[in-house]
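# Structural overview for review
Here is how the chains run, residue by residue.
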Amino acid sequence: MHIFDELKERGLIFQTTDEEALRKALEEGQVSYYTGYDPTADSLHLGHLVAILTSRRLQLAGHKPYALVGGATGLIGDPSFKDAERSLQTKDTVDGWVKSIQGQLSRFLDFENGENKAVMVNNYDWFGSISFIDFLRDVGKYFTVNYMMSKESVKKRIETGISYTEFAYQIMQGYDFYVLNQDHNVTLQIGGSDQWGNMTAGTELLRRKADKTGHVITVPLITDATGKKFGKSEGNAVWLNPEKTSPYEMYQFWMNVMDADAVRFLKIFTFLTLDEIEDIRKQFEAAPHERLAQKVLAREVVTLVHGEEAYKEALNITEQLFAGNIKNLSVKELKQGLRGVPNYQVQADENHNIVELLVSSSVVNSKRQAREDVQNGAIYVNGDRIQDLDYVLSDADKLENELTVIRRGKKKYFVLTY
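My aim in this report is to walk through the structure given alongside it, one point at a time. Each chain has its residues counted from 1, running along the sequence as written. With pLDDT at 70 or above as the cut-off, local features in this predicted model cover only qualifying residues; side-chain atom pairs require 80 or more to be listed or tallied, and sums for whole chains, interfaces and linings still use all residues. The side-chain values count all of the structure's non-hydrogen atoms but skip hydrogen atoms and water molecules.

### Observations regarding the overall build of the protein chain
Scanning the protein chain from terminus to terminus reveals 19 helices and 11 strands. Overall, the C-alpha framework of the protein chain stretches about 85 × 50 × 40 Å when taken along its three principal axes. With a 1.4 Å probe rolled over the protein chains alone, any residue whose accessible area is under 20% of its type maximum counts as buried; one over 50% counts as exposed, and the rest are partly exposed. Within the protein chain, the fraction of its 418 residues that count as buried is 51%. Counting every atom, the protein chain has about 19800 Å² of accessible surface; 47% of that belongs to carbon and sulfur. In this text, helices come from DSSP runs of H or I with a minimum length of four residues, and strands from runs of E with a minimum of two, each type numbered from the N-terminal end. Areas reported here follow the Shrake-Rupley algorithm with a probe of radius 1.4 Å; residue values treat only the protein chains shown as occluding.

In structure tokens:
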């Protein structure tokens, strides 16, 4: 299947500048293309993964990727569909974020092998040395204010106010495309659909300043069946950095996607063939309660982002917690699996009687409820049911001398630390 048709079939093409011309270019030979990532945090998240994997698919089809991390544009801020101005970061902060994001990108693209090996670029390399006067003369004169005002991302902000800094962002992104075209013959840019205005500023600059044609592909902003968007701005970010979102948490995220989304996400986020995904779809629809699509999705994406060992660990944590086998997990695994559950620091001189601790750690809100739960067999310490009202937690209950896991009922976990 032609790579363009495959991208379409997977739901990865939202807009293009000239589909027929782009398809022809991809058929006739190797196309150099780039995707830009602004360092607005120290990690990318799942929202970025769509463009990253699209870039990887094109590389596997023989085309040459340039991964641009915006050390310059990251200092400015993109106005696209934000309600307010971004807070500006120091150059040292942005430089640190650039390095972190470059490290993450190196996991997904091949920077080592073949004539189409990926190349990492940083737009601070060309913006850092250009003077304001030169930029206005050599770049700014090709953009009319009317053209810049027509961009949807700017229109939305005109009502609430937009600084000249963010207003000029689209010219900077346009200049990125121009420089990469001049230096590396890059003719295609890939990005999220919210970047359409900034990306077409690049094709406009190429046309007017160099009399060349550039192409743009936007990938859709991914939403679930309810319309909820992936991404940190929505407060539900799933980060690619394991310190920010553990492999276990990422595994749980994919295991919990709705049935209506699971097969679609397999097409977008995995490298399984379309035929393999069709086989999974048939099995999944025949027995949705077995959650085959979610299991495959969790396996494929966690392995892709964090490696096979991290996937196996996430699977083991899931299985052991489901079975209540707390003692089968290390403290490191428990911290990953129970991140985010209520945590209570036990004081050295505190009463360690089970009833007293249940109240002081806010597992329950009264001694009466604590006694009732213990007697009814609803309280577990490190997976063992405790029904003795006089039970006192001892050093033997401190796993690796660090923590104790309390479970109330089937699913409510609490962690006591020392």
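### Brief notes about the sheet that holds strand 7 (residues 343–345)
Here, any two strands with at least 2 DSSP bridges between them count as paired. Pairing is mixed across the open sheet formed by 5 strands, whose spatial order is 7-11-10-8-9. Of all strands in the sheet, those with a lone pairing partner are strand 7 and strand 9 (384–385), marking the two edges.

### Here we look at the sheet that holds strand 3 (residues 64–69)
In space, the 6 strands of this open sheet follow the order 1-6-5-2-3-4, with mixed pairing throughout. Every interior strand has two partners, whereas the edge strands, strand 1 (15–16) and strand 4 (119–122), have only one. Pairing analysis gives 2 bridges linking strand 1 to strand 6 (residues 215–219), with the strands arranged antiparallel. Its bridge partner lying in strand 6, Q15 is registered against T218. Contacts are assigned to residue pairs that have any heavy atoms within 4.5 Å of one another. To get an axis, fit a line to the C-alpha atoms, keeping to the stretch in contact for a helix; angles then go from 0 to 180 degrees between the N-to-C directions. The sheet strands contacting helix 2 (residues 19–28) are strand 1, strand 5 (186–192) and strand 6, and the helix crosses strand 6 at an angle near 100 degrees. Here helix 4 (residues 91–105) sits on the sheet and contacts strand 2 (32–37), strand 3 and strand 4; the angle it forms with strand 3, its principal contact strand, is near 155 degrees.

### Remarks on the environment of D5
Tracing the backbone through its elements, the reader meets D5 in helix 1 (residues 3–9). Separated by 18 residues in sequence, D5 and R23 place their C-alpha atoms 9.0 Å apart. Reaching out from D5, the side chain makes a polar contact with the side chain of R23 at a distance of 2.9 Å. Counting of polar contacts relies on pairs of N or O atoms within 3.5 Å, with two restrictions inside protein: one atom must be capable of donating a hydrogen and the other of accepting it, and residues adjacent in sequence are counted only when both atoms are side-chain atoms.

### Details of the side chain of T73
Locating T73 in the fold gives a position in the loop between strand 3 and helix 4. Residue classification places T73 among the buried positions, given a relative accessible area of 3%. Engagement of the side chain of T73 in a polar contact is seen with the side chain of D38, the distance being 2.7 Å. Separated by 2.9 Å, the side chains of T73 and N123 make a polar contact.

### Quick look at the pairing of strand 2
Counting buried positions along strand 2 yields 5 of 6 residues, so the element is predominantly enclosed. For strand 2 and strand 3, the ladder comprises 6 bridges, and the chain directions are parallel. Across the sheet, the residue bridging to Y37 is V69, located in strand 3. Handedness rule for crossovers: strands pointing away from the viewer, path from the first strand over the helix to the second running clockwise, crossover right-handed. Since strand 2 and strand 3 lie parallel, the crossover through helix 3 (residues 46–60) that links them has a hand, and here it is right-handed. Here 4 bridges tie strand 2 to strand 5, and the two strands are oriented parallel to one another. Across the sheet, the residue bridging to Y34 is Q189, located in strand 5.

### Re a nonpolar patch on the surface
There is a patch of nonpolar side chains on the surface, built from F132, L136 and Y164 and spanning about 330 Å² of accessible area. Note on placement: L136 falls in helix 6 (residues 132–138). Residues enter a patch when their relative accessible area is above 30% and they make no salt bridge; the linking distance is 9 Å between like charges and 5 Å between nonpolar side chains (Val, Leu, Ile, Met, Phe, Trp, Tyr). Whenever Lys or Arg places a side-chain nitrogen within 4 Å of a carboxyl oxygen from Asp or Glu, that contact is recorded as a salt bridge.

### Observations concerning the packing of aromatic side chains
Working definition: a ring pair exists when centres of Phe, Tyr or Trp rings (six-membered ring for Trp) sit within 6.5 Å. Plane angles under 30 degrees give stacked, over 60 give edge-to-face, the rest tilted. All chains considered together, the criterion is met by 11 aromatic pairs. Ring geometry for Y175 versus Y178: centroids 6.0 Å apart, planes at 20 degrees, classification stacked. Here Y178 and Y175 lie together in helix 10 (residues 169–184), a separation of 3 residues that amounts to about one turn. Residue classification places Y178 among the buried positions, given a relative accessible area of 14%. For the ring pair F253 and W254, a centre distance of 5.0 Å and an interplane angle of 85 degrees mean the geometry is edge-to-face. You can call W254 buried: its relative accessible area is 0%. Ring pairs connect the aromatic residues F127, F135, Y175 and Y178, which therefore count as one cluster.

### Here we look at the pattern of salt bridges
Between side chains of opposite charge, pairing is possible as soon as their charged atoms come close. Throughout the structure, instances matching the rule amount to 23 salt bridges. A salt bridge links K367 to E356, with the nearest nitrogen and oxygen atoms 3.0 Å apart. With K367 in helix 19 (residues 367–375) and E356 in helix 18 (residues 354–360), the pair connects residues that are 11 residues apart, well separated along the chain. Of the charged contacts in the structure, one is a salt bridge between D395 and K398, with a shortest N-O distance of 3.1 Å. Here the residues in one salt-bridge network are D5, K8, E19 and R23, joined through shared partners.

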